[in-house]
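Structure assessment
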Amino acid sequence: MVDRLTERGGISRRDVLRGSAGVLVSMTAFGLGSGKAAAQEQTFKIIHPSFDMNWSPMRGGGAALRWHSLWWASPMYFNDKGEIQPYVFTSWQPNADRTVWTFKLDPKAVFSDASPITAADVKGSWEVASMPLTASQRVPLVLAGVVGYDEIATGKAKDLPGVEIVDDQTVRVTLKQPDPIFHMRIANHLVPIVKASQARGEDGNQIEDWYLPEMGVVSSGPFKLVEMNLDDGFVAWEPNENFFGPEPKLTRIELRVIEDSVTATTLLKQGEYHAHTALVTPTIVQDLGPEFSMGTEIPNGQHFYFNAKTPPFDDINVRKALILAVDRAQMMRASFPNGPHKQAEQILVGVDGVDPNWDPYPYDPEEAKRLLAASSYGGPERLPRIIFAGVIAPAEQAAAQFAVEQWRQNLGITAVELKPTLDNFSPADVHVIRDDAGSRVPDATEFLRTIIHSSSRVAREKMNGYNNPEVDRLLDEAAPLPLDDPRRNELAQQAQRVFREDYQLIPWYIEAMSRWALPNIKGMEKNLDWQVFAPWNIEIT
């Protein structure tokens, strides 16, 4: 067995699997130290944490999604201040009751082969993303309200009649019901605009591997794909010379998969790479400085959700006891002792409508003991084994282990099993699950509808069918109200207070959309969609 350097000077998969500091020193000694030269050439090097085998822009999820803005254009986008910006769409106008929206395309918008981006490409992109075989993870967040979406998403149709091509540069969208924030739902890269004739087959489905270089893919963003070896964990982009926006400052972008966080941190400290897709370690600030992971607060948070449908969590006194027994301030220090994230007290964050009068869950071990004794189990001895899942990254493991230790010390609970991954997860199998939850739309009502409304994925899958009719009623009443109606935020805050009394989660932290880039990398500001919102501005200084 011989370790090797790849022809590109990167790290082979075998190297990655070994992932020791000794290997890194050895590789540097053999000339891998190309950081300074790379900077001069404006070759931007990214470390990616996983061997993603699906880089389709229609996937709508996964770690690869975080780099979609490099090579795909979206209808509009949010900047780091939560302000909506034009992109392929230059204007948007609703009718009086907000059931019909008209969008105008930029007449200068073209793909990387210089062919125009048309209304037909927008309609085709939305239709292929909606097809069930595409298996997009988040297309409902964008298009579920469009007339015809349900039929195409269930395989009964292959067209979206609610999307009308008025002319090559005008799209009209008809919704099933009034939606004052539809323009905000499409301002992201969950369903970017692709060349429909290239991505979609005659049967309406996505053509397999159409986005690979050998398939002649053309892109709509500032960079175009030039290399993609997924088995080797390597991807490269170069500037799209026909990009209709600002000229990119980088001359090349290279992405290399390195799964081990210690190896990744070492390579970043040595300047061999410039950025990481998502590096979540307790010592990230100590290792790489505060600027590496700083970022704007976004409507997203990490929490530990309870499955209230399965014993022992179907007893509210057990849920209360396990929340009150954890010193969350200490848990935060155990997981992120130096930031960049802040302790969460409520779900709402990063939006207008954060509840100023919120009453956080206290740390009260004595009350926690009393509640556990008052539960139907009478104490820790009769509790079934607690399954705690979704703790993969080092910081997640630190927080979970801290909570488990607090349960042991304060309540005498010892039968807890930590499961690192969510593979083969079934809601009924797990009692506590760590996950993030948030919204691509900076709106309190929408944020809560994605988490605590009974129709949300978090309520259905992470909390095993959580359903409080009063929470639903308040959020449903708020949803059709105009954005400037103060009742919209007031109803959202009421819904969150009702949810609080159900004791369904341990709040952990509110998320800063980290740069995950070295200080000499400029233009890396990200938005609530986890995208570098102006990738043409990335440069190595």
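In this report, the structure presented in the accompanying data block is examined. Remember, predicted model here, so these are calculated numbers, not experimental data. (Residues numbered from 1 in each chain as written. Predicted model: local features only at pLDDT ≥ 70, side-chain atom pairs only at ≥ 80, totals over all residues. Heavy atoms only, no water.)

Our focus in this paragraph is the layout of surface pockets. Volume-wise, the second largest pocket comes out at about 190 Å³. Around the second largest pocket sit Met 184, Gly 350, Val 351, Asp 352, Pro 442, Asp 443, Ala 444, Leu 483, Asp 485, Arg 488 and Asn 489, which together line it. Tallied by class, residues from the lining of the second largest pocket come to 5 nonpolar, 2 polar and 4 charged. (1 Å grid on protein atoms, 1.4 Å probe; cavity = no way out; pocket = protein on both sides within 12 Å on 5 of 7 lines; lining within 4 Å. Points joined across faces, edges and corners; volume = space filled by probe spheres on them. Nonpolar A, V, L, I, M, F, W, Y, C, P; charged D, E, K, R; others polar.)

In terms of burial, strand 1 (residues 43-48) is a largely internal element, 6 of the 6 residues being buried. With burial as the criterion, each face of strand 1 is covered, one bearing Thr 43, Lys 45 and Ile 47 and the other bearing Phe 44, Ile 46 and His 48. In this structure, strand 1 lies alongside strand 10 (residues 252-257), joined through 6 bridges in parallel fashion. Bridged to Ile 47 within strand 10 is Arg 256. Note that strand 1 and strand 11 (residues 275-276) share 2 bridges and pair parallel. (Buried < 20%, exposed > 50% of the residue type's maximum accessible area, 1.4 Å probe, protein only. Helix = DSSP H or I, 4+ residues; strand = E, 2+ residues; numbered from the N terminus. Pairing = 2+ DSSP bridges.)

This paragraph deals with the packing of aromatic side chains. A complete count under the given rule lists 27 aromatic pairs for this structure. Taking the centre distance of 4.9 Å and the plane angle of 40° together, the rings of Trp 71 and Trp 72 count as tilted. Note on accessibility: Trp 71 and Trp 72 belong to one class, buried. Between the aromatic rings of Tyr 77 and Trp 536, the centroid separation amounts to 6.4 Å while the plane-to-plane angle is 70°, which identifies the pairing as edge-to-face. With Tyr 77 in strand 2 (residues 76-78) and Trp 536 in the loop between strand 18 (521-522) and strand 19 (539-540), the pair connects residues that are 459 residues apart, well separated along the chain. Accessibility expressed as a relative area gives 11% for Tyr 77, which makes it buried. Here a set of aromatic residues connected by ring pairs shows up, and it is made of Trp 55, Trp 71, Trp 72, Trp 210, Tyr 211 and Trp 237. Directly above the aromatic system of Trp 530 lies the positively charged group of Arg 66, at a separation of 4.2 Å from the ring centroid. Stacked on the ring of Trp 530, the Lys or Arg Arg 440 has its end atom at 4.7 Å from the ring centre. (Phe/Tyr/Trp six-rings, centres within 6.5 Å; stacked < 30°, edge-to-face > 60°. Lys NZ or Arg CZ within 6 Å of the ring centre and 35° of its normal.)

On to empty space enclosed by the protein. Taking a probe equal in size to a water molecule and rolling it over the atoms shows the remaining empty space. Inspection of every chain in the model, using the stated rule, returns 6 cavities of 30 Å³ or more. Its volume calculated, the largest cavity comes out at about 70 Å³. Forming the walls of the largest cavity are His 303, Glu 345, Gln 346, Ile 347, Trp 358, Tyr 361, Gln 496, Phe 499, Arg 500, Leu 505 and Pro 507. Listing elements by their share of the lining of the largest cavity, those giving two or more residues are helix 20 (486-500) and strand 17 (505-514). By residue number, the principal contributor to the lining of the largest cavity is helix 20, which donates 3 residues. For the lining of the largest cavity, the per-class residue count stands at 6 nonpolar, 3 polar and 2 charged.

Now for helix 15 (residues 365-374). Listed in full, the buried residues belonging to helix 15 are Pro 365, Ala 368, Leu 371 and Leu 372. Along helix 15, the residues classed as buried sweep out an arc of 120° about the axis, all on the same side. (Arc of directions from axis to C-beta.)

This brings us to the sheet that holds strand 5 (residues 100-105). Taken in spatial order, the 4 strands of this open sheet run 4-5-7-6, and their pairing is antiparallel. What marks the edges here is a single partner per strand, and that holds for strand 4 (89-94) and strand 6 (163-167). With direction set aside, neighbouring strand axes in the sheet form an average angle of 20°. Across 5 bridges, the pairing between strand 5 and strand 7 (residues 170-174) is antiparallel. Bridge assignment links Lys 104 to a residue of strand 7, and that residue is Thr 170. Of the strands in this sheet, strand 4, strand 5, strand 6 and strand 7 are in contact with helix 5 (residues 119-130), which crosses strand 6 at around 170°. (Axes fitted to C-alpha atoms, helices over the stretch in contact; angles between N-to-C directions. Contact = heavy atoms within 4.5 Å.)

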